[in-house]
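Each chain is listed here by its residues.
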Amino acid sequence: MSKKKIAVLAGDGIGKEVIAHAIDVLRASGAEVEFTEFDWGADRYLRDSVTVPADGFSLLANGFDAVLAGAFGDPRVQFNIHAREILLGMRSHLDLYANVRPVKLLDSLLCPLKDCSPEDVNFTIIRENTEGMYGDLGGVFKRGTADEIAVQEDVNTWKGVERVIRYAFEHARQHGRRRVLMSDKSNALTHAGSLWQRVWQEVGGEYPDIEKQHMYVDALALAMVRAPRQFEVIVTNNLFGDILTDLGAALQGGLGMAASGNIHPGRTSMFEPVHGSAPDIAGRDLANPMGAIASAAMMLAHLGLTQEAARIDAAILSAVRQRKLTPDVGGTLGTRACGEWIASHI
Ligand code: ATP
């Protein structure tokens, strides 16, 4: 088998620190992968005003099997324009329509809920990743006056909703899950909600082996805290998914623990930790590398390198059980010591 080609975009802030360890761990796993590093990020933007080179996205799409990204964001860049162009650009140019975020508690000690065990928190949120409220459609009228009006459009297409709901059912089947829950706010947001409901009914009919549930998003947020054990796969829109996955990250120990994949089946997909560039702790050896390392494992599993992925997941689990942790999750290790421990225990 030829080596899988991985584009590495470490980005800014703690992205650079955690991705360095993700690469070390990937090497230690024995996976047949080769890396090409790209310097997209704040430093390059501030140096030569380039966020993404002219052929950048097509290079990623055509030259690589997957992208491993760190984080983008830097207080020196006004409005983080580079982060928006790189991250949202990748999602839209590579059409990465399914944002897959496992919410998996590795040890009770990490969970802020009392009496919560790993069996209670083990589900996956699939967030629509290309439309909804994030298309930047809308406008502002009478800006700066007392009559100012801001309109932000919520765009939902049949095609966009259908493919992410279908992805959720396929994901459930492939991972031995028996239930998929769709969450919306169709009691109040009736136009978009009606479309989601109709697609849900139609696509759901093709999956008689999977149990179907529905919850309004407010009720779901409550239930994720009160009784998370009932969930297996949750599919929702871009905005609700954004919010719910931060809640999910909290259930598993915080942003430092959470991994994600931005996926278009059959095409170059992108994997990244859920956290951002965290300028407050960047360069201080404080960042938790586990979310980035777990994202690298997700990437290997997606590429069919399941044994190597399992080795990495097992090493992360050992690190947690032996309390080889960074301060955000109650430990005393630095980024480097934590990352090196995991790499040396593959
Ligand atoms: P960005 O603008 O890039 O999204 P941000 O600081 O606004 O960055 P995050 O980086 O997602 O948002 O994180 C918020 C806070 O959570 C950080 O300021 C940091 O204190 C903490 N945090 C995030 N990721 C980690 C991590 N991997 N390890 C430790 N703490 C983290």
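The structure this text deals with has already been given above.
What counts and what doesn't
The residue numbering used here restarts from 1 in each chain and proceeds along that chain's sequence as written. Under the rules for a predicted model, residues below a pLDDT of 70 receive no local features and side-chain atom pairs below 80 are neither given nor counted, while totals for whole chains, interfaces and linings still include all residues. Here the side-chain values reflect all heavy atoms present in the structure, with hydrogen atoms and water set aside. Only DSSP runs of H or I with at least four residues qualify as helices, and only runs of E with at least two residues qualify as strands; both kinds are numbered from the N terminus onward. Each helix should span, by expectation, one fewer than its residue count multiplied by 1.5 Å. Each residue's exposure class comes from its accessible area (1.4 Å probe, protein chains only) as a fraction of the maximum for that residue type: buried when under 20%, exposed when over 50%, partly exposed otherwise. Starting at the helix axis, one direction is taken to each C-beta atom, and the arc is that of these directions. Each cavity reported here is a set of points on a 1 Å grid over the protein atoms alone in which a 1.4 Å probe fits but cannot get out, each pocket an open set with protein on both sides within 12 Å along at least five of seven lines, and each lining residue one with an atom within 4 Å of a point. Grid points are joined across faces, edges and corners, and a volume is the space filled by probe spheres set on the points. Three classes are used: nonpolar for Ala, Val, Leu, Ile, Met, Phe, Trp, Tyr, Cys and Pro, charged for Asp, Glu, Lys and Arg, and polar for all others, with Gly counted as polar. By convention in these notes, a residue is near a molecule or strand provided one of its non-hydrogen atoms lies within 4 Å of it. Any pair of nitrogen or oxygen atoms within 3.5 Å is treated as a polar contact; in protein, a donor-acceptor pairing is required on top of that, and neighbouring residues in sequence qualify only through side-chain atoms on both sides. The protein chains shown are the only cover counted for residues, whose accessible areas, like all others here, come from Shrake-Rupley with a 1.4 Å probe. Patch membership is restricted to residues that have no salt bridge and whose relative accessible area is over 30%. Joining uses 9 Å for like charges and 5 Å for the nonpolar side chains Val, Leu, Ile, Met, Phe, Trp and Tyr. We define a salt bridge as a side-chain nitrogen of Lys or Arg found within 4 Å of a carboxyl oxygen belonging to Asp or Glu. DSSP calls a pair of strands paired once it identifies at least 2 bridges connecting them. Interaxial angles span 0 to 180 degrees and are taken between N-to-C directions of axes, which are lines fitted to C-alpha atoms, for helices over the stretch in contact. Here, residues are in contact when the closest pair of their heavy atoms is within 4.5 Å.

Peer 1: How should I be thinking about helix α10 (residues 306-321) in this particular structure?
Peer 2: The α-helix advances 3.6 residues per turn, and as a result positions three or four apart in sequence lie on the same side. Along its 16 residues, α10 runs 22 Å from first to last C-alpha, staying within 8% of the 22 Å computed at 1.5 Å per residue. Taken together, the buried positions of α10 are E308, A309, I312, A315, I316, A319 and V320. Seen end-on, α10 carries its buried residues on one side only, within an arc spanning 140°. Of the exposed residues in α10, the ones pointing more than 90 degrees away from its buried face are Q307 and R321.

Peer 1: Can you walk me through the layout of surface pockets in this structure?
Peer 2: It is the rolling of a water-molecule-sized probe over the atoms that shows where space remains empty. Volume-wise, the largest pocket comes out at about 970 Å³. Lining the largest pocket we find 32 residues, and of these P102, H171, H175, M298 and A301 sit closest to its centre. Elements supplying a minimum of two residues to the lining of the largest pocket: β4 (98-104), β5 (122-128), α5 (158-174), β11 (259-263), α9 (290-302) and α10. Here the residues of the lining of the largest pocket sort into 19 nonpolar, seven polar and six charged. Of the volumes computed, that of the second largest pocket is approximately 510 Å³. Looking at the second largest pocket, it is lined by 22 residues, and the ones nearest its centre are F72, A83, L87, L88 and R91. Contributing elements (two or more residues each) for the lining of the second largest pocket: β3 (66-71), α4 (81-93), α8 (238-251) and β12 (269-273). Looking at which element gives the most residues to the lining of the second largest pocket, the answer is α4, with five residues. The residue inventory of the lining of the second largest pocket, partitioned by class, reads ten nonpolar, five polar and seven charged.

Peer 1: Could you clarify how one ought to interpret the site of the ligand in this entry?
Peer 2: The immediate surroundings of the ligand are formed by 14 residues, with G276, S277, A278, D280 and N288 found nearest. In this structure, G276 approaches the ligand through a main-chain N or O atom, which is 2.6 Å from an oxygen atom. A278 has a polar backbone atom sitting 2.9 Å from an oxygen atom of the ligand. Coverage of the ligand by the protein chains reaches 66% of its 600 Å² of free accessible surface. Residues belonging to the shell around the ligand are distributed by class as follows: seven nonpolar, five polar and two charged.

Peer 1: In this structure, what is going on with a nonpolar patch on the surface? I would like to understand it.
Peer 2: On the surface, a nonpolar cluster with roughly 260 Å² of combined accessible area is contributed by F141, I149 and V151. Counting through the fold element by element, F141 comes out in strand β6 (residues 138-141). Accessibility expressed as a relative area gives 49% for F141, which makes it partly exposed.

Peer 1: It is not clear to me how the sheet that holds β12 should be interpreted in this structure. Could you clarify?
Peer 2: Strand pairing in a sheet is mediated by backbone hydrogen bonds. Such pairs are either parallel or antiparallel. Ordered by their spatial adjacency, ten strands build an open sheet running β2-β1-β3-β12-β11-β4-β5-β10-β8-β9, and the pairing between neighbours is mixed. Strands with a single pairing partner mark the edges of an open sheet, and in this sheet they are β2 (33-38) and β9 (211-216). Each neighbouring strand pair of the sheet contributes to a mean axis angle of 25°, computed without reference to strand direction. Across four bridges, β11 lies against β12 in antiparallel orientation. The residue bridging S260 from the neighbouring strand is E272, located in β12. In this fold α8 packs onto β4, β5, β8 (179-184) and β10 (233-236), with an angle of close to 155° to the strand it touches most, β5.

Peer 1: Sorry if this is basic, but what is going on with the pairing of β4 here?
Peer 2: In summary, the side chains of a regular strand alternate between the two faces of the sheet. Summarising burial for β4: five of the seven residues are buried, a large majority. Here β4 pairs with β5 via seven bridges, running antiparallel. Each bridged residue has a counterpart across the sheet, and for V100 the counterpart in β5 is I126.

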